[in-house]
Amino acid sequence: MEKLKNKKMVFIIAGVVLLVAAVVIIMILFRKEKKNKYRLLKVYTVEGEANVNRAGKGDITPYENMVLESGDRVSLTSGDLVLQADKDKYIHLSEGTELVLKASGNDKRSNIQIDLLQGAITSDIQSALSEDSSYDVNTPNSTMSVRGTVFYVYIYEVNGIKYTRVCVFDGKVTTKLVYKDGTVAENEVEVGKGKEVTIFENETTVDYLSDPTDIDYDSLDEGTLVLLQVINDDGRELSITNDDLKNLLETTYTVTFMYNGQIFGVQTVIGGQKVTQPSLKPAATGSWSWDFSKPIDHNIIVEWK
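Conventions we followed
Residues numbered from 1 in each chain as written. Predicted model: local features only at pLDDT ≥ 70, side-chain atom pairs only at ≥ 80, totals over all residues. Heavy atoms only, no water. Salt bridge = Lys/Arg side-chain N within 4 Å of Asp/Glu carboxyl O. Helix = DSSP H or I, 4+ residues; strand = E, 2+ residues; numbered from the N terminus. Buried < 20%, exposed > 50% of the residue type's maximum accessible area, 1.4 Å probe, protein only. Pairing = 2+ DSSP bridges. Axes fitted to C-alpha atoms, helices over the stretch in contact; angles between N-to-C directions. Parallel < 35°, antiparallel > 145°, perpendicular 65-115°, else oblique. Left-handed = near helix turned anticlockwise from the far one by under 90°. Contact = heavy atoms within 4.5 Å. Nonpolar A, V, L, I, M, F, W, Y, C, P; charged D, E, K, R; others polar. Core = buried A, V, L, I, M, F, W, Y, C linked by side-chain atoms within 4.5 Å. 1 Å grid on protein atoms, 1.4 Å probe; cavity = no way out; pocket = protein on both sides within 12 Å on 5 of 7 lines; lining within 4 Å. Points joined across faces, edges and corners; volume = space filled by probe spheres on them.

Right, let's get into the pattern of salt bridges. Following the criterion strictly, the structure yields 14 salt bridges and no others. Across the pair Arg236 and Asp124 runs a salt bridge, and its minimum N-O distance is 2.6 Å. One end of the pair, Arg236, is in the loop between α2 (222-233) and α3 (242-249); the other, Asp124, is in strand β6 (residues 110-125), and 112 residues separate them in sequence. The salt bridge involving Glu201 is made with Lys180; its shortest N-O contact spans 3.0 Å. Here Glu201, found in strand β13 (residues 195-201), pairs with Lys180, found in the loop between β11 (173-177) and β12 (189-191); they are 21 residues apart in sequence, far enough to count as distant. Under the relative-accessibility criterion, Lys180 is labelled partly exposed at 49%.

Next comes the structure, spelled out in structure tokens:
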């Protein structure tokens, strides 16, 4: 009987040991999972035509507060789309933009990588990154790293030459060339507040067009200029004031209506607004050669055809 009791006690102790070990393993796995789980990655605002493509699920129409996953392919055809990472990092997509978003980490260590495939983004990182955190933007011919800043990245192609334009409105961005074979240059070019740099890639070369120069704000799209106004309104002093932004946004253009080689009428339009179709027609048949739903961003001549 005593041996039976001892044997039973051994089994009980062994069971308790196994139970404790299981609990410890579960806690370790839970802590590891929690440590590697990104704490916030979501759609902040969305309006217009946008899409999220997710591995294993296909296309998903994004909605406000939608939780994103690392590896999601996000695109904006028209309208507005802002992504949020952590509580202080916002990624504003311009129309016609497509990117792959990769993120990991936690509240003390966040790692964000944006692979920009086409279009433009404006990143607003409102707090300096910790030493263990990173925020990188990759394009086909360059890579850039930041620690806390507001900057704009635009990729485009002209006559077969690929370009990456980087404008820094606050803080600084470190850029490096990425060659055709995927290797990254050792040398880096730092772009400071109020400066921009452009990288080009042709059939044989990947290089900088020049050293960093002053930002050409006139060539930025209206949506980006308006966003800079909003950031300034938050009390942060960017490389351009709201007074200067207002002047840029209120640039006027001339729309000249022509009929049979003669001026039929002239309108002055504030940049970004639409021209009004003349109430009078120069002839009984025909129409104006202009889509009156399009905003004006340059001087134009509209003919009756």
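Before going further, it helps to examine the pairing of strand β18 (residues 300-303). Burial along β18 is one-sided: the face carrying Ile300 and Val302 is buried and the face carrying Ile301 and Glu303 is not. Sheet analysis places strand β16 (residues 252-259) next to β18, joined by four bridges and oriented parallel. Residue pairing across strands places Met258 opposite Glu303, the latter belonging to β18.

Packing of α2 against α3 leaves a shortest axis separation of 10 Å and a crossing angle of 155 degrees. Classified by the interaxial angle, the pair formed by α2 and α3 is roughly antiparallel. Crossing of α2 against α3: the hand is left-handed. Contacts from Glu222, Leu225, Val226, Leu228, Gln229, Asn232 and Asp233 of α2 reach α3 at Asn242, Leu245, Lys246, Leu248 and Leu249. Partitioning the contact of α2 with α3 into residue classes produces six nonpolar, three polar and three charged.

The next thing to look at is the nonpolar core. By size, the foremost hydrophobic cluster in this structure holds 39 residues, and its most contacted members are Leu83, Tyr135 and Phe151. Beyond its immediate stretch of four places on either side in the chain, Phe151 contacts Ile121, Thr122, Ser123, Ile125, Tyr135, Val137, Met144, Val146, Cys167, Val168, Phe169 and Val173. Judged by nonpolar contacts, the second largest core, of 16 residues, contains Val150, Cys167, Phe169 and Leu227.

On to the layout of surface pockets. Its volume calculated, the largest pocket comes out at about 1,100 Å³. In terms of lining, the largest pocket is formed by 45 residues, of which the most central are Asp221, Glu222, Gly223, Thr224 and Leu225. If one sorts the elements of the lining of the largest pocket by residue count, α2 sits on top with eight residues. Residues of the lining of the largest pocket, tallied by class, amount to 20 nonpolar, 14 polar and 11 charged.

It is worth spelling out the pairing of β16 at this point. Here β16 pairs with strand β17 (residues 262-270) via eight bridges, running antiparallel. Across the sheet, the residue bridging to Met258 is Ile263, located in β17. Taking the residues between adjacent antiparallel strands as the criterion, β16 and β17 are bridged by two residues, where Asn260 takes a positive phi near 50 degrees.

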